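# Survey of secondary and tertiary structure
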Amino acid sequence: MASAIKKVEKIRQIVRLKQVMQRWKSMSIRRRSILSHSDSGSSSGSTRRIPPGFLAVYVGLERRRFLIPTRFLNLPIFRSLLKKAEEEFGFQPSGGLVLPCDVSFFKELLKFLERDEKKFGGLSLDEIFKIST
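Each value, and the rule that gives it
Residues numbered from 1 in each chain as written. Predicted model: local features only at pLDDT ≥ 70, side-chain atom pairs only at ≥ 80, totals over all residues. Heavy atoms only, no water. Phe/Tyr/Trp six-rings, centres within 6.5 Å; stacked < 30°, edge-to-face > 60°. Helix = DSSP H or I, 4+ residues; strand = E, 2+ residues; numbered from the N terminus. Buried < 20%, exposed > 50% of the residue type's maximum accessible area, 1.4 Å probe, protein only. Pairing = 2+ DSSP bridges. Patch = residues over 30% accessible without salt bridge, like charges linked within 9 Å, V, L, I, M, F, W, Y side chains within 5 Å. Areas by Shrake-Rupley, 256 points an atom, 1.4 Å probe, with all protein chains shown as cover. Salt bridge = Lys/Arg side-chain N within 4 Å of Asp/Glu carboxyl O. Expected span 1.5 Å × (residues − 1). Arc of directions from axis to C-beta.

## Some points on the packing of aromatic side chains
Under the criterion given, the structure shown has three aromatic pairs. On the numbers, 6.0 Å between centres and 85° between planes, the contact of Phe78 with Phe106 is edge-to-face. Residue Phe78 is found in helix 2 (residues 76-89), and its partner Phe106 is found in helix 3 (residues 103-115); the two are separated by 28 residues along the sequence. Grouping aromatic residues by their ring pairs yields a cluster made of Phe66, Phe72, Phe78 and Phe106.

Take a look at the structure:
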């Protein structure tokens, strides 16, 4: 009977360890991906794999590549950026999603959202711009 209890306890420990590892992995990927971008101008950057739940966007005149969580697209700030992109570029069926803003502003925006998505996610484009300058 004692050996059966030990086996059950070992299984519980293994399950807990596996859960901790999965949580760590998902947090690590999410944190790394939010601020990830391509520093090279080569087209090979656009063929890299995008993790599930993320979207590649290209920012600024230099078209820097960022991976953002798809949930960001529901935030008012991103809706404003998407509307500006539609006004500036129109509908482009090919290529990536291009956002018309400075790379430095976009990095600041991502830092705000990473720090407190609930607080900064509800702000408008103008409000975020005032905070970042």
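## Regarding the pairing of strand 2 (residues 54-59)
Within a regular strand, the side chains alternate between the two sheet faces. Counting buried positions along strand 2 gives five out of six residues, so the element sits mostly inside the fold. Across six bridges, the pairing between strand 2 and strand 3 (residues 64-69) is antiparallel. Paired with Phe54 across the two strands is Pro69, which belongs to strand 3. Taken together, strand 2 and the strand that follows it, strand 3, pair antiparallel across an intervening segment of four residues, in which Gly60 is found at a positive phi of about 75°. In the sheet, strand 2 pairs with strand 4 (residues 97-99) via three bridges, with the strands oriented parallel. Within the sheet, the bridge partner assigned to Val57 lies in strand 4 and is Leu97.

## Overview of a nonpolar patch on the surface
On the surface, Leu17, Met21 and Trp24 cluster together into a nonpolar patch covering about 370 Å² of accessible area. Mapping Leu17 onto the fold places it in helix 1 (residues 2-34). Under the relative-accessibility criterion, Leu17 is labelled exposed at 54%.

## A word on helix 2
The terminal C-alpha atoms of helix 2 lie 20 Å apart, and with 14 residues this matches the ideal 20 Å at 1.5 Å per residue to within 8%. Taken together, the buried positions of helix 2 are Ile77, Phe78, Leu81 and Ala85. Summarising the axial view, the buried residues of helix 2 lie within an arc of 90°, below the 170-degree limit, and thus occupy one face. Opposite the packed face of helix 2, turned more than 90 degrees from it, sit the exposed residues Glu86 and Glu87.

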